[in-house]
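Residues per chain, in single letters:
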Amino acid sequence: MIGEALELRRLMNNRGLPSLELEAVRDRKLQALIRHAYENVPYYRSLFQSAGLLPDDIRTVKDLQHIPITTKDDLRAAGVERSTAKGIDLAACQVVHTSGTTGKPFAIYLTGRELRRRQLIEFRTLLSIGFRPQDRLAVLGPAQPHAVRFHQRLGFYRSVNIPPTLSLDDQIDQLKRSRPTILWAYPTVLKALLCRVNYRLDTVVNPRMLITSAEVCDEILKAGIHGNLKTEMFNFYGANEVGRIAAECPAHEGLHVNEDHVILECSNSKYPGEPGISGEAVVTSLTALAQPFIRYRLGDVYKITKKPCSCGSPFPLISSPLGRLDDAVKLPSGKIVSLWPFTFILRKLDRLEQYRIIQESAEHLVVELAFRGDPNKDALVQLRSRFMEHLGEPVRVDIQCVSGFRNDTPKFRSFISKLSIKGDS
Ligand SMILES: [Zn+2]
């Protein structure tokens with residue numbers, strides 16, 4: 001307990017460091033990580049050797065680009081033995097499971113100490129947005145409970161996990177009973193809840209803050225929440241592999257990367273932190289040693305923000321993640337088109353509750369829409385032509401109105417492609 005309190009103090013102090021000192025902390029951790037991975041993790045030793053690298057070649061984040069990027073498939077192919085550190089007792093590790101968009105399960109091993117550090121980073125993130133000792137936090141969405149040990153042992157910062165496997169009515173019942181002052185929810189789960197209570201979230205909860213994470217909180221959902229609830233919204237960004245990566249601060253100018261915990265790179269940038277560049281997130285965990293993640297491709301697309309935040313935090317700013325790279329439509333010519341412009345077209349539709357875009361083939365797209373009440377027929381005709389105009393190639397677009405979507409998995413997929421983006425259509 002005392003050790004944890006001291007570690008939390010160290011982590012809190014990092015938030016107030018001048019940028020150069022924070023960079024020095026980060027680079028020291030990076031050097032230790034690279035040496036450890038080279039000496040103890042067969043997968044990374046082979047990877048570094050294949051690139052002709054020795055640990056001393058990686059001194060700062062700018063040297064990271066020499067290391068080839070690793071994907072989930074690479075680690076899965078390497079197997080647990082080669083991708084975890086020698087001497088680690090895997091049976092004593094905590095295992096976090098993730099499936100990602102591929103649906104293939106992948107296990108992440110953490111020592112007890114690593115898990116506690118993640119919990120502290122999470123706690124620091126909550127404190128940074130204004131989590132107070134008397135607050136009640138309700139977490140709605142993740143199948144695996146959020147880390148709460150530290151708060152619970154303090155007897156303050158109470159929190160309750162409401163599993164998405166409960167029926168909607170039971171979720172509503174638990175929310176009403178826990179009367180959270182802060183609600184943390186997956187957008188998909190929140191969307192299902194909103195539909196159930198006829199867009200009157202205030203009849204269930206009235207939190208002063210609402211945190212969304214794990215998926216993109218689109219404008220349609222934001223408008224639904226703000227319809228009759230005055231709550232300050234925050235966006236958090238993380239991944240099971242590395243824990244909390246970034247979080248929005250009360251200045252709401254972007255998300256701050258936890259730079260003493262992870263290094264976030266953009267696949268299109270020449271060096272980590274190059275401003276104004278958008279691309280796929282590539283992450284290095286500075287604190288995962290049992291199963292390191294070094295230049296690991298996450299697939300989420302985001303943009304590095306140019307200016308520092310007015311809150312004064314030395315942690316660099318990024319935009320909210322914009323979705324995943326595989327959320328892209330493949331055209332008959334082989335060109336790839338991002339889905340994001342389509343969500344902006346969709347949000348203009350009156351009373352739209354939820355949408356799903358299905359790519360049946362390179363020449364055929366189905367757009368499923370669920371409305372509250374009857375949709376405007378003219379608007380649907382216009383929508384179809386705007387979609388076709390935006391695609392710019394001969395693609396058949398079918399608009400289908402559905403009575404509702406079954407949210408039977410915690411993560412609803414608003415885009416489904418029946419062809420492989422990488423392979424031939
Ligand atoms: Zn800030």
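Just above, that's the structure.
Let us look at the structure shown here. Note that the coordinates shown come from a computational prediction; the quantities given were computed from them, not determined experimentally.

A separate point is the pairing of strand β12 (residues 296-303). Within β12, 6 of the 8 residues are buried, leaving the element largely enclosed by the surrounding structure. Relative to β12, strand β11 (residues 278-285) runs antiparallel, the two sharing 5 bridges. Considered in β12, the bridge of Val283 is made with Tyr296.

Quick look at the pairing of strand β16 (residues 352-361) now. Counted residue by residue, β16 has 8 buried out of 10 residues, so it is predominantly covered. Bridging between β16 and strand β17 (residues 364-371) involves 8 bridges; their strand directions are antiparallel. Looking at the pairing, Gln359 lines up with Leu365 of β17. Linking β16 back to β17 in an antiparallel pair, the connection comprises 2 residues. Relative to strand β19 (residues 415-417), β16 is paired through 3 bridges, and the arrangement is parallel.

Below, the discussion takes up the packing of helix α2 (residues 19-40) against helix α3 (residues 42-50). Contact geometry of α2 with α3 gives a least axis separation of 6 Å together with a crossing angle of 105°. Classed by the angle they form, the pair α2 and α3 counts as roughly perpendicular. Here Ile34, Ala37, Tyr38, Glu39 and Asn40 of α2 come into contact with α3, specifically with Pro42, Tyr44, Arg45, Phe48 and Gln49. In terms of residue class, the contact of α2 with α3 is made up of 6 nonpolar, 2 polar and 2 charged.

The next point concerns α2. Residues that lie three or four places apart on an α-helix share one face, since the helix turns once every 3.6 residues. The end-to-end C-alpha distance of α2, which contains 22 residues, comes to 31 Å, matching closely the 32 Å that a straight helix rising 1.5 Å per residue would cover. Buried positions along α2 lie against α1 (2-14), α3, β10 (262-266) and β11.

Thresholds, definitions, all that
Residues numbered from 1 in each chain as written. Predicted model: local features only at pLDDT ≥ 70, side-chain atom pairs only at ≥ 80, totals over all residues. Heavy atoms only, no water. Buried < 20%, exposed > 50% of the residue type's maximum accessible area, 1.4 Å probe, protein only. Helix = DSSP H or I, 4+ residues; strand = E, 2+ residues; numbered from the N terminus. Pairing = 2+ DSSP bridges. Axes fitted to C-alpha atoms, helices over the stretch in contact; angles between N-to-C directions. Parallel < 35°, antiparallel > 145°, perpendicular 65-115°, else oblique. Contact = heavy atoms within 4.5 Å. Nonpolar A, V, L, I, M, F, W, Y, C, P; charged D, E, K, R; others polar. Expected span 1.5 Å × (residues − 1).

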